[in-house]
Amino acid sequence: MSPLAFLVSLPVRGYRLLLSPWVGHGCRYQPTCSAYAMEALERHGAVKGGWLAAKRVASCHPWGGHGYDPVPGADPAFDATRHKDHDHA
């Protein structure tokens, strides 16, 4: 992980250490938003990974999405299905 991505990951690490045990396990997505954020930062760096993490957290509300939603590039079979679905839309 780049130094900038590490800095961006500090709030996520803090959340996982301090707040997550108190908030509970009610995430609408798999992987959880914090796990998604950490993987996005590791896989895509601070800028793109931070953007992907912010989009995921912003969609985590009662009218947002849910279910399996891996970081782009983490599950090639899912990525192929996702792109195939978007091509026909």
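Here is a short report on the structure shown in this document. Everything quoted here is computed from the prediction, not taken from an experiment. (Residues numbered from 1 in each chain as written. Predicted model: local features only at pLDDT ≥ 70, side-chain atom pairs only at ≥ 80, totals over all residues. Heavy atoms only, no water.)

### Some points on helix H1 (residues 3-23)
Between its first and last C-alpha, H1 extends 29 Å over 21 residues, near the 30 Å set by a 1.5 Å rise per residue. Remark: the principal bend of H1, roughly 45 degrees, maps to Arg16. Taken residue by residue, H1 has Ala5, Ser9, Val12 and Ser20 as its buried positions. Within two residues after H1, Gly24 carries a phi angle of roughly 100 degrees, on the positive side. (Helix = DSSP H or I, 4+ residues; strand = E, 2+ residues; numbered from the N terminus. Expected span 1.5 Å × (residues − 1). Bend = angle between axes of the 7 residues up to and from the residue. Buried < 20%, exposed > 50% of the residue type's maximum accessible area, 1.4 Å probe, protein only.)

### A short note on the packing of aromatic side chains
Summed over all chains, the structure comprises 1 aromatic pair. An angle of 80 degrees between the planes, with centres 5.2 Å apart, marks the rings of Tyr68 and Phe78 as edge-to-face. With Tyr68 in strand E2 (residues 67-68) and Phe78 in helix H3 (residues 76-87), the pair connects residues that are 10 residues apart, well separated along the chain. Under the relative-accessibility criterion, Tyr68 is labelled partly exposed at 44%. Overall, Phe78 belongs to the partly exposed group, its relative accessible area being 24%. One residue, Arg56, lies across the ring of Tyr29, its end atom 4.1 Å from the ring centre. Here Arg56 stacks its cationic end above the ring of Tyr36, 4.1 Å away from the centre of that ring. (Phe/Tyr/Trp six-rings, centres within 6.5 Å; stacked < 30°, edge-to-face > 60°. Lys NZ or Arg CZ within 6 Å of the ring centre and 35° of its normal.)

### What about helix H2 (residues 33-58)?
If you check H2, its first and last C-alpha atoms are just 10 Å apart, much less than what 26 residues at 1.5 Å a residue would give, namely 38 Å. The largest bend along H2 measures about 135 degrees and falls at Gly45.

### Concerning the environment of Gly45
Tracing the sequence through the fold places Gly45 in helix H2. Here Gly45 is in contact with Ala5, Ala40 and Gly50, once residues within four sequence places are set aside. (Contact = heavy atoms within 4.5 Å.)

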